[in-house]
Amino acid sequence: MLRVLLNGCNGKMGQVVSRVAKTYDDIKVVAGVDLNTTQNFDYPVYSNPFQIKEEFDVIIDFSLPEATLTILEFAKATKKPVVIATTGFTSEQKEKIIKAATEIPVFWSANMSLGVNLVAELIQKAYRTLGSRFDIEIIEKHHNQKIDAPSGTALMLADAINEVANNSYEYIYDRHTRRKKRSQNEIGIFSVRGGTIVGEHSVIFAGPDEIIEIKHTALSKEIFANGAIKAAMFIAGKSAGIYNMKDLINSM
Ligand SMILES: NC(=O)C1=CN([C@@H]2O[C@H](COP(=O)(O)OP(=O)(O)OC[C@H]3O[C@@H](n4cnc5c(N)ncnc54)[C@H](OP(=O)(O)O)[C@@H]3O)[C@@H](O)[C@H]2O)C=CC1
Ligand SMILES: O=C(O)C1=N[C@H](C(=O)O)C[C@H](O)C1
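Rules used in this analysis
- Residues numbered from 1 in each chain as written.
- Chains lettered and ligands numbered in written order.
- Predicted model: local features only at pLDDT ≥ 70, side-chain atom pairs only at ≥ 80, totals over all residues.
- Pairing = 2+ DSSP bridges.
- Helix = DSSP H or I, 4+ residues; strand = E, 2+ residues; numbered from the N terminus.
- UniProt positions renumbered as here; feature names shortened; annotations may be inferred.
- Buried ≥ 20, exposed ≤ 12 C-beta atoms within 10 Å, placed from the backbone.
- Contact = placed C-beta atoms within 7 Å.
- Axes fitted to C-alpha atoms, helices over the stretch in contact; angles between N-to-C directions.
- Parallel < 35°, antiparallel > 145°, perpendicular 65-115°, else oblique.
- Left-handed = near helix turned anticlockwise from the far one by under 90°.
- Nonpolar A, V, L, I, M, F, W, Y, C, P; charged D, E, K, R; others polar.
- Domains from an automatic or database assignment.
- Near = placed C-beta within 6 Å.

Caption draft 1: Just the sheet that holds strand S3 (residues 45-46), in detail. Across the sheet, 7 strands lie side by side as S3-S2-S1-S4-S5-S6-S12; this open sheet has parallel pairing. The outermost strands of the open sheet, each flanked by one partner alone, are S3 and strand S12 (241-243).

Dropping the structure here:
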């Protein structure tokens with residue numbers, strides 16, 4: 001039985017992970033951490049991870065960047081693997097995650113769905129085929145409770161293109177203040193927020209007289225919860241380092 005400590009357990013995703021974990025025989029959430037310590041499930045909730053009494057094997061984190069860094073310190077102190085699903089990190093915060101992964105195993109993905117990770121591969125293929133003659137724009141849509149923008153996934157998809165384009169693209173988030181034509185080496189990334197949209201990402205390749213649009217729509221938060229649980233099973237027992245959905249998919 002894999003014992004999970006869930007950071008951000010009372011948030012929207014924390015509650016979905018708690019519910020979905022109950023459908024697995026070989027995994028159990030044994031404790032949670034959240035600012036709000038209301039006990040909504042059958043495990044105790046702490047505001048400070050260093051007060052946890054329960055034994056656990058792996059941490060799953062769906063919280064806020066600052067809370068992720070606190071749980072990382074705890075993970076390093078207890079030498080436990082962490083699955084980071086939280087998004088919205090600054091460059092300095094990302095550096096801290098990368099440094100932590102020299103001491104403990106860290107599974108880090110802005111999107112825990114299989115589909116988005118396939119999209120990342122498809123857009124790399126599209127870029128290789130279409131090349132720089134096509135302008136690339138990314139539009140992401142999420143619910144009105146989302147704090148960070150653009151989404152971690154939109155940035156991950158832009159980075160996937162940059163990976164095969166020798167980092168030649170810069171990201172543009174706002175054209176309002178730019179009174180000039182787009183340049184060839186930019187990727188526009190735009191955010192829509194409204195209602196209960198679970199998550200939608202479109203990557204548009206607009207070329208001379210034709211447009212290719214590669215789109216992923218998440219229809220439920222359960223896909224992210226299942227992905228995070230599979231990531232927790234994957235990372236348990238691994239050595240220190242950074243792991244992502246590609247590693248998980250390749251292991252299946
Ligand atoms: N990688 C993926 O596949 C996915 C990633 N996400 C990401 O996961 C994160 C969480 O999303 P979501 O559940 O919708 O957001 P919520 O705001 O609903 O949940 C975050 C939870 O963390 C709590 N929290 C705040 N501070 C701390 C702290 N110091 N320690 C522990 N918990 C704390 C919040 O409490 P309070 O509300 O009181 O502040 C809240 O309960 C976001 O960054 C989101 O982008 C979401 C879905 C999929
Ligand atoms: O906040 C969300 O809900 C989501 N956040 C992630 C992101 O920022 O990319 C993943 C998913 O799209 C849902």
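The structure having been displayed, the exposition proceeds.
Caption draft 2: Expanded view of the UniProt feature "binding site: (S)-2,3,4,5-tetrahydrodipicolinate" (unreviewed entry) in the protein chain. Here the UniProt-annotated "binding site: (S)-2,3,4,5-tetrahydrodipicolinate" (unreviewed entry) positions come out as His143, Gly152 and Thr153. As for its placement among the helices and strands, His143 is situated in the loop between strand S7 (135-142) and helix H5 (152-164). For His143, a count of 14 C-beta atoms within 10 Å translates into the label partly exposed. Non-local contacts of His143, meaning those with residues more than four positions away in its chain, are made with Gly195, Thr196, Ile197 and Val198. Relative to the helices and strands, Thr153 resides in helix H5. When sequence neighbours within four positions are dropped, the list of residues in contact with Thr153 reads Ala110, Asn111, Val116, Glu140 and His201.

Caption draft 3: How the structure looks around the packing of helix H2 (residues 65-78) against helix H3 (residues 91-100). The geometry of H2 relative to H3 is characterised by a closest axis approach of 11 Å and an angle of 20° between their N-to-C directions. Taken together, the axes of H2 and H3 lie roughly parallel to each other. H3 is crossed by H2, and the crossing has left-handed handedness. Packed against H2, whose contacting residues are Pro65, Leu69, Leu72 and Lys76, the element H3 presents Gln93, Lys96, Ile97 and Ala100 at the interface. Residues that form the contact of H2 with H3 fall into these classes: 5 nonpolar, 1 polar and 2 charged.

Caption draft 4: Region of the structure containing the domain arrangement of the protein chain. The domains assigned to the protein chain are domain 1 (2-108 + 221-250) and domain 2 (114-218). Computed over C-alpha atoms, the centres of domain 1 and domain 2 are 27 Å apart. Top element by residues in the side of domain 1 that touches domain 2 is helix H7 (residues 245-250). It accounts for 3 residues.

Caption draft 5: Quick peek at the site of ligand 2. Ligand 2 sits among Thr87, Ala110, Asn111, His142, Lys146, Ser151, Gly152, Thr153 and Gly199. Tallied by class, residues from the shell around ligand 2 come to 1 nonpolar, 7 polar and 1 charged.

Caption draft 6: Molecular detail of the sheet that holds strand S11 (residues 210-218). Taken together, the 5 strands give an open sheet; going across it, the order is S8-S9-S7-S10-S11, and neighbouring strands pair in mixed fashion. The open sheet terminates on both sides in strands that have one partner only, identified here as strand S8 (170-172) and S11. With strand direction ignored, the average angle separating the axes of adjacent strands in the sheet is 20°. Looking at chain direction, S7 and strand S10 (residues 199-207) are connected through 7 bridges and run antiparallel.

Caption draft 7: Broad picture of the site of ligand 1. Close to ligand 1 lie 27 residues, the nearest being Gly8, Gly11, Met13, Ala67 and Ala85. Looking at the shell around ligand 1, the elements with two or more residues in it are helix H1 (12-21) and H2. It is H1 that contributes the most residues to the shell around ligand 1, 3 residues altogether. Across the shell around ligand 1, the residue classes tally to 10 nonpolar, 14 polar and 3 charged.

Caption draft 8: Structural view of the UniProt feature "domain: Dihydrodipicolinate reductase N-terminal" (unreviewed entry) in the protein chain. Here, UniProt's "domain: Dihydrodipicolinate reductase N-terminal" (unreviewed entry) annotation points to residues 3-112. Span residues 3-112 is 31% helix and 23% strand, its end C-alpha atoms 20 Å apart.

Caption draft 9: Geometry of the environment of Ala240. With respect to the helices, strands and loops of the structure, Ala240 is situated in the loop between helix H6 (222-235) and S12. Taking the C-beta count within 10 Å as the criterion, Ala240 has 13 such neighbours and is therefore assigned partly exposed. Residues Ala240 and Asp135 lie 105 residues apart in sequence; the distance between their C-alpha atoms is 39 Å. If we ignore the near neighbours within four places in the chain, the residues touching Ala240 are Ala101, Thr102, Glu103, Ile104 and Pro105.

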